[in-house]
Amino acid sequence: MLLGIASALTLRPGTAVRDMLPAQSPAAAAMDRVLRDFRLIDDLMVLVELPTHHAEGASPLVGFAERFAPAVRSDPDVAYVRYDRAAQAVRSEFLNDLAWSQAWWRLGEAQRVGVRERLDPEAMRSALRQRATELAAPGQRPAEWWDALADDPLGLLRWLETTGDAMWEPPSPGIPALPPADGSGLALSGDGRALLIRIGGTRPANDLPYSQALVARVTDAIEAANTDGLRWQLTGPYAIANFSASATKRDMIVSIFVSLGLLTLLFFVVYRDHRTLPMTLLTVNGGIVVAFGIYGLGRGQLSPVTATCGAVLAGLGIDYCVHLLAHARGRRPEDLGEAIRRMAPVLAAACVTSAIGFAAVGASGVRALTEFAVLGVLGLAGTLAMTLTFLPAALASPAHKSNDGLPRENRISRWMLALVRSLFRRPRPWLFVTAMTASMAGSWLYLDGTERVRFANDLEAMHAVPNPPLRAQADITERFGLRPSVLFVHLEAEDSVRLLKHAAALHDAFTRLQADHPLLHAHFGLGSLLTPIDPEAMDLLPPREQTLADFDAAVASSPFRPDAFEGFRRRLASALTTSGQPAWASLRAEPDFVAPILPRSFFAAEDNLPTQSLAVLTLEVPWELVDGRAKLLADLRGAVSEVPGATLTGLAVVGAEMQDALGGVTERLVWIAGLAVIVWLCMFFRNPWEVMAALFPAALGLLVLTAAIGLTGIELHAANLVALPLTLGLGVDDGIFLVAVTRRVRRAKGTVAELQRELATAASAIVVTSLTTMLAFGSLAFTRTPAIESLGLLSAVGITACLLASLLGLIPILAMSHVRRADRASRHGSP
């Protein structure tokens, strides 16, 4: 047991979002690129609040920020620390200048002609004389009027507004860099009792060692700076990844310990044999060691799903030991070879069907489920090998030969013998009850049930709860008024020229769409900042130096001071540039602002031009509260489809695509598992009747499980949908053991009493193995991930249904078949 746990602890937790996303989803693939190549919203956010008993006033928050920020800024792994609005004034100036540098290319031909006319020397002198006349008019307030005059002395902007094509205005970003602030300039909440600090990292959040180290150092800095007893919380991708990693590891350890503890208790209660138990646990643990060892060598990782596999394998692996011990009951250890030779083919057949259930999960296209399937198949094979090699050797060892024999008859065995004899006497009533149950479940599913099977459209169920980073994120959304729902459009092109052209087309498409969708609050991307150069517009571009000289002359001849309009002159010079190149250098000069929409590689070197970018869409309300989400997504996808290389993505979009895909994936998984199991059973039994009989418990269990999912309203996720193929693969095991026993007695021409005893032995083992499997999956209830918890519940329901179908359905079928065969043989004179 210790070796198995130690082997598992060497695996690194996997917290990448792509591990839980379907590979065939375009939104998931785009989201993977976004998380890998863009800084996006990777900031580690610190929410600092005044205690409830503290009086109003931001001075403790100011003091904390002044102590905390210098300590964190000195960290080489920190790119920046933001907690005030000082950068926003610089950003506003940058946007205004950038808008002017792109102004000429944003105007239509008619507007360009009009601007050229207003830049005529005589037109500029006339405009300045008119401004001076307006300024001197009676009742005018020069102090209030001057700002507008300084920004637009020639009236260009006002004239462009009247044309309906005013393209000189700065864009509005979709994600505010900082929340609103009060007069102190700090990024405070509306009530002034909370401060938000953003910390930029130098590496992506899915670099787990980096995230863990960054969170640890920031936590130390917070505790050192928090001398006033302020409340604080961490959130953002770095904090969420760090918490998810520790929660995943904790869930793995707890589930393994709980599973082995419950199995130990069950073994003592059933067998009351303290000598055989350690050998059984060593056998199971040996299989788990092999599985985790090989999995670790293949650089596997622990996602929330694979972390549970150790507990599940403990419950499944002990099943082989239970069946072997049950059929060897009463024998001396040295006579164990006969039981092994008799049971080895049946155990191998059951192992294959269980492995098929795991392997079918791997066909889902989700990386975490594929790794879960690989680990499950390795664990089953390793445990079977240990059961057929280590366990017999341990039971035949001198230390164990002093026992009176292998575990003897237990209370469950006696109960099962009584039940089997009762089923042989009156098989039809029990078979009728089983058939009615199957008919009702099938009819309900056919008429209404399949429509009530719901698939989750979000990924929140894959997060451990309680989750302090996610709770802090919700607090920030509520207290600072940040837009909670953000979608993205990933755009990729062959070169930067095409990228800019497609970004402009995307900007225009969303501008048109925003007029029809009030839920679309804002959109911001590369097309909001840069405009493709129009070579034909160069012919109408006024000569830069001559126009500036004419403007200086017009100012000199006016009543205004020569330096009164320096800001306007600078922007006019930028608007009249003749470089013919996009202002990439201007964007690189503001990395904190444009980093969410341009890849990390763009900022690595001055000669790097991007071939991919992002557009950010923000909604007015949280995604969960959007009415008509399907229509909104369809309209957004329609707008995106107009632009080559554009893909709508974001966790909300990925969740919606996953919801659409899970139905088909689930059906495919069940069909794959079902067909593979049928092929294997045909190869093993080579008898159609025996194949159908062996399939009966799994088919009924799967039917009941599907009906239970619809009745309870449990949503299927990428994690808990594996209960369906696993129920099929594991449920067939019960049928294999019962049918194999019946065939062996029939071929040996045994009596009805002998068949009853053999079926009772197999049934008692099936009851124990079903309990061990349910306990193993039940241990998942101690995890903190809702989707994993529901996997344990669904698996327990499916296994219980398979057990009841085996005892109350399949045994009566086998009893009636055996009696019919005996009658037919007696009529033909067979002995």
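What counts as what
- Residues numbered from 1 in each chain as written.
- Predicted model: local features only at pLDDT ≥ 70, side-chain atom pairs only at ≥ 80, totals over all residues.
- Heavy atoms only, no water.
- Axes fitted to C-alpha atoms, helices over the stretch in contact; angles between N-to-C directions.
- Helix = DSSP H or I, 4+ residues; strand = E, 2+ residues; numbered from the N terminus.
- Left-handed = near helix turned anticlockwise from the far one by under 90°.
- Contact = heavy atoms within 4.5 Å.
- Patch = residues over 30% accessible without salt bridge, like charges linked within 9 Å, V, L, I, M, F, W, Y side chains within 5 Å.
- Areas by Shrake-Rupley, 256 points an atom, 1.4 Å probe, with all protein chains shown as cover.
- Salt bridge = Lys/Arg side-chain N within 4 Å of Asp/Glu carboxyl O.
- Lys, Arg positive; Asp, Glu negative; His and termini not counted.
- Charge placed at Lys NZ, Arg CZ, Asp CG, Glu CD.
- Buried < 20%, exposed > 50% of the residue type's maximum accessible area, 1.4 Å probe, protein only.
- Expected span 1.5 Å × (residues − 1).
- Arc of directions from axis to C-beta.
- Core = buried A, V, L, I, M, F, W, Y, C linked by side-chain atoms within 4.5 Å.
- Pairing = 2+ DSSP bridges.
- Polar contact = N/O pair within 3.5 Å; in protein donor to acceptor, adjacent residues only side chain to side chain.
- Phe/Tyr/Trp six-rings, centres within 6.5 Å; stacked < 30°, edge-to-face > 60°.
- Lys NZ or Arg CZ within 6 Å of the ring centre and 35° of its normal.

Enquirer: Give me the packing of helix α12 (residues 276-297) against helix α15 (residues 367-395): which residues, what numbers.
Expert: In the contact formed by α12 and α15, the axes pass within 7 Å of each other and the chain directions differ by 145 degrees. Judged by the sense of rotation from one axis to the other, the crossing of α12 with α15 is right-handed. Here T276, M279, L282, T283, V284, G286, G287, I288, A291, F292, I294 and Y295 of α12 come into contact with α15, specifically with E371, L375, L378, G379, G382, T383, M386, T387, F390, L391, A394 and L395.

Enquirer: Give a description of a positive patch on the surface that names residues and reports values.
Expert: Residues R428, R820, R821 and R824 make up a contiguous surface patch of positive charge. For the positive patch, the element with the most residues is helix α31 (residues 786-827), which contributes three residues.

Enquirer: I'd love a proper account of a nonpolar patch on the surface, names of residues and values included.
Expert: On the surface, F432, V433, M436 and M440 cluster together into a nonpolar patch covering about 420 Å² of accessible area. Here M440 shows up in helix α18 (residues 427-452). Using a relative accessible area of 55% as the deciding quantity, one classes M440 as exposed.

Enquirer: Let's hear about helix α19 (residues 468-480): which residues, and what values?
Expert: The end-to-end C-alpha distance of α19 is 18 Å, a good match for the 18 Å that 13 residues give at a rise of 1.5 Å each. Within α19, burial applies to P469, A472, I476 and F480. Angularly, the buried residues of α19 cover 55 degrees about the axis, an arc narrow enough to put them on a single face. Its buried side turned inward, α19 meets β2 (44-49), β4 (194-201), β5 (231-235) and α11 (237-271).

Enquirer: Go over the pattern of salt bridges, please, and point to the residues and values.
Expert: Inspection of every chain in the model, using the stated rule, returns 19 salt bridges. Across the salt bridge formed by R33 and D37, the nearest N and O atoms sit 3.2 Å from each other. Here R33 and its partner D37 are both found in helix α2 (residues 26-37), four residues apart, which amounts to about one turn of the helix. Between E690 and R746 there is a salt bridge, and its shortest N-O distance comes to 3.1 Å. Placement of E690 in helix α28 (residues 688-712) and of R746 in helix α29 (residues 723-747) is noted, with a sequence separation of 56 residues between them. Residue classification places E690 among the buried residues on the basis of a relative accessible area of 4%. Classification of R746 as partly exposed rests on a relative accessible area of 26%. Each of R33, D37 and E492 takes part in one network of salt bridges that share partners.

Enquirer: Give me the nonpolar core: which residues, what numbers.
Expert: Of all hydrophobic cores here, the largest spans 110 residues; its most connected members are F372, L681, F685, V732, L738, L759 and I811. Per-element accounting of this core gives the leading share, 13 residues, to α29. Apart from residues lying up to four places away in sequence, L681 is in contact with T353, R686, V691, A694, L695, V732 and I736. With 52 residues, the next largest nonpolar core counts V34, L513, V616 and L633 among its residues.

Enquirer: Tell me about unusual backbone geometry, and name the residues and values.
Expert: Positive phi is not limited to glycine here, since R686 has a value of about 55 degrees. Its place among the elements puts R686 in the loop between α27 (651-685) and α28. Phi angles above zero are rare outside glycine, and K749 is one such case at about 55 degrees. With respect to the helices, strands and loops of the structure, K749 is situated in the loop between α29 and α30 (752-778).

Enquirer: Now, about the sheet that holds β5: what can you tell me, with residues and values included?
Expert: Hydrogen bonding along the main chain pairs the strands of a sheet, whether they run parallel or antiparallel. The antiparallel open sheet is built from four strands, whose spatial order is β3-β4-β2-β5. Looking along the sheet, the strands with just one partner apiece sit at the ends: β3 (78-82) and β5. Averaged over all pairs of adjacent strands, the angle between their axes in this sheet comes to 20 degrees, without regard to strand direction. Of the pairings in the sheet, the one linking β2 to β4 comprises six bridges and is antiparallel in character. Paired with L44 across the strands is I199, a residue of β4. Contacts from helix α3 (residues 59-73) reach β2, β3 and β4 within the one sheet, and its direction differs from that of β4 by about 10 degrees.

Enquirer: Now, about the side chain of T773: what can you tell me, with residues and values included?
Expert: Relative to the assigned elements, T773 resides in helix α30. Leaving out residues up to four positions away in the same chain, T773 has contacts with G315, L316, D319, L730 and I799.

Enquirer: Break down the environment of Q514 for me, citing the residues and quoting the values.
Expert: Along the chain, Q514 falls in helix α20 (residues 496-516). Using a relative accessible area of 27% as the deciding quantity, one classes Q514 as partly exposed. Sequence spacing of Q514 and L636 is 122 residues, and the spatial spacing of their C-alpha atoms is 10.0 Å. Non-local contacts of Q514, meaning those with residues more than four positions away in its chain, are made with L520, H521, A522 and H523. For Q514, the side chain forms a polar contact with the main-chain oxygen of L520, separated by 3.4 Å.

Enquirer: I'd like a rundown of the packing of aromatic side chains, residues and numbers included.
Expert: Under the defined criterion, the tally for this structure stands at nine aromatic pairs. With 6.5 Å between their ring centres and 25 degrees between their planes, W680 and F684 make a pair best called stacked. Residue W680 and its partner F684 are located together in helix α27, separated by four residues, close to a single helical turn. One aromatic cluster is present, built from ring pairs that chain together W584, F602 and F603. It is R743 that lies over the ring of F684; its NZ or CZ is 5.6 Å from the centre.

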